[in-house]
Amino acid sequence: MKVLVIGSGGREHCLAWKIAQSDRVKKIFCAPGNGGTGGLAKNINIAGSDVKALCDFAKSEKIDLTIVGPELPLVQGIVDQFERRGLKVFGPREQLALLEGSKVFAKETMARFNVPTAEFAVFNHPEPALNYIRKNGLPIVVKADGLASGKGVYVSSNFTEAEQAIKEIFIDQRFGPAGEQVVVEKCLAGEEASILVFCDGNNVIPLASAQDHKRIFDGDSGPNTGGMGAYSPAPCVSAALEQKVNSQILQPLVHGLSAEGKKYTGVLYIGLMITEAGPKVLEFNVRFGDPETQAILPRLKNDLVEVMLATIEGHLDRVSLSWDSRACICVAVASGGYPGGYEQGKKISGLDQAEKLPDTFVFHAATKKEGDNYFTCGGRVLNVVSLGADLKQAKERVYQAIEKINFAKMYYRKDIGWRALSR
Ligand code: AMP
Ligand code: GLY
């Protein structure tokens, strides 16, 4: 088989690495890929958002399976376009990619099927939104409807903050058309976890649980980022909780959608808040999580390509996933200054030595290869990943590996996994 992976981050390097282990795969392409994917796949210089060019490429190269990493092409309808041209593609169609593409759509869908989520209201204008906030009290959460690169959510602990959020979205139009509608919802308290599932429209199979660290500084402080690390399994996700997630969230959602004639196929990511009243959905993503995937896939024993084909063909009832019992941890190594401004083009050293350590992998998130050298070309540069007998051992290994790596102004968190380790 020839497989095309769309995207350019650590998640896509990890997907390509896992796909390369499949006996069925002869050749992998990555569009656009990065310095790391270039070692496993042929990088193709087409942006993930250029759906037409990707479609033309897959058709002319006779690609047997395309895997879409990021949300944007999914929301743009890449799956519908590939299917129309007879190409096999892993991911949901446009109408359900909206579960991530529109928070209003996601909340209204959950409300229709009684899926537990924070109480909410939808607004098109600032004044009624502010009245609702005054009436409902604090803390309160304000969310821009559309895709906002993770920046469209404001958890506000005072009225001035909430007012500022409403102003940025509606009046300053910080997110453009993605901010034409706003969801205002109750602030939930608890621990967050990520549950990813494969879904073929009817059958749902959960992957191993994971938790990520979104904040830039140790102790989960400072501004939000695309994710500074993750680990799997997440000890707060017990078997009993998984059952609740299945019966209260996944079954009603997937069967409710299916009864409306909408089949969700692909991987669905459920961002959960585990509250005293049970699990509640914070958000859906219609793709693999980044960096959760880099902590989950090294534990998966199955051939990922087989699982993806079964997902597309509606045979997930015949699949059972098998997991390495060891723990896995992923630490993001970033350019100093991220998520604010940072410098690029720094030469990276020590990658070979880091990868020589046992059960350790380095997935590239933003690197460029020039000659024999790798250079930084983004905020989150590398994802260093280790397996260990338990999370403690995995953590020791991953930080030993990171110590071998160096580039100017490199930054990483030293405490990935702290919440799980302090239980
Ligand atoms: P979202 O993109 O909707 O997942 O929001 C990003 C982050 O904002 C989540 O990971 C949570 O930390 C936080 N968040 C979102 N919604 C809520 C809520 N209703 N209550 C508390 N925190 C929330
Ligand atoms: N780790 C969060 C995300 O993939 O959106």
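Everything discussed here concerns the structure shown above.
Residues numbered from 1 in each chain as written. Chains lettered and ligands numbered in written order. Predicted model: local features only at pLDDT ≥ 70, side-chain atom pairs only at ≥ 80, totals over all residues. Heavy atoms only, no water.

Draft legend 1. Region of the structure containing the site of ligand 1. The full set close to ligand 1 counts 15 residues, and E185, K186, L188, E192 and E283 are the nearest of them. Measuring from an oxygen atom of ligand 1, one finds a side-chain N or O atom of K103 at 3.4 Å. Here an oxygen atom of ligand 1 and a side-chain polar atom of E192 are 2.4 Å apart. Considering ligand 1 on its own, with 470 Å² of exposed area, one finds that the protein chains cover 87% of that surface. For the shell around ligand 1, the per-class residue count stands at eight nonpolar, no polar and seven charged. (Near = heavy atom within 4 Å. Polar contact = N/O pair within 3.5 Å; in protein donor to acceptor, adjacent residues only side chain to side chain. Areas by Shrake-Rupley, 256 points an atom, 1.4 Å probe, with all protein chains shown as cover. Nonpolar A, V, L, I, M, F, W, Y, C, P; charged D, E, K, R; others polar.)

Draft legend 2. Up close: the sheet that holds strand β11 (residues 204-206). In space, the four strands of this open sheet follow the order β11-β10-β14-β15, with antiparallel pairing throughout. For this open sheet the edge positions go to β11 and β15 (278-285), each flanked by a neighbour on one side alone. Strand-to-strand twist in this sheet, taken as the mean axis angle between neighbours without regard to direction, amounts to 35°. As paired elements, strand β10 (residues 191-200) and strand β14 (residues 265-275) share ten bridges and run antiparallel to each other. (Pairing = 2+ DSSP bridges. Helix = DSSP H or I, 4+ residues; strand = E, 2+ residues; numbered from the N terminus. Axes fitted to C-alpha atoms, helices over the stretch in contact; angles between N-to-C directions.)

Draft legend 3. Highlighting the side chain of T117. Residue position: T117 is located in the loop between α6 (103-112) and β6 (120-123). Among the polar contacts listed, one links the side chain of T117 to the backbone oxygen of V281, at a separation of 2.8 Å. When sequence neighbours within four positions are dropped, the list of residues in contact with T117 reads K107, M110, K280 and V281. (Contact = heavy atoms within 4.5 Å.)

Draft legend 4. Representation of the pairing of strand β4 (residues 65-68). Where burial is concerned, the two faces of β4 agree: the one with L65 and I67 and the one with T66 and V68 are both buried. In this sheet, β4 lies alongside strand β1 (residues 2-7) in parallel orientation, the contact comprising four bridges. Bridge assignment links L4 to a residue of β4, and that residue is T66. Inspection of the sheet shows β4 paired to strand β5 (residues 89-90) by two bridges, in the parallel sense. Its bridge partner lying in β5, I67 is registered against F90. (Buried < 20%, exposed > 50% of the residue type's maximum accessible area, 1.4 Å probe, protein only.)

Draft legend 5. Highlighting the pattern of salt bridges. In total, this model carries 29 salt bridges according to the counting rule given. D56 is the salt-bridge partner of K52, the closest N and O atoms lying 2.7 Å from each other. Of the two residues, K52 and D56 are both situated in helix α2 (residues 51-60); the distance of four residues between them amounts to about one turn of the helix. Using a relative accessible area of 28% as the deciding quantity, one classes D56 as partly exposed. For R326, the salt bridge goes to D359, with nearest N and O atoms at 2.9 Å. (Salt bridge = Lys/Arg side-chain N within 4 Å of Asp/Glu carboxyl O.)

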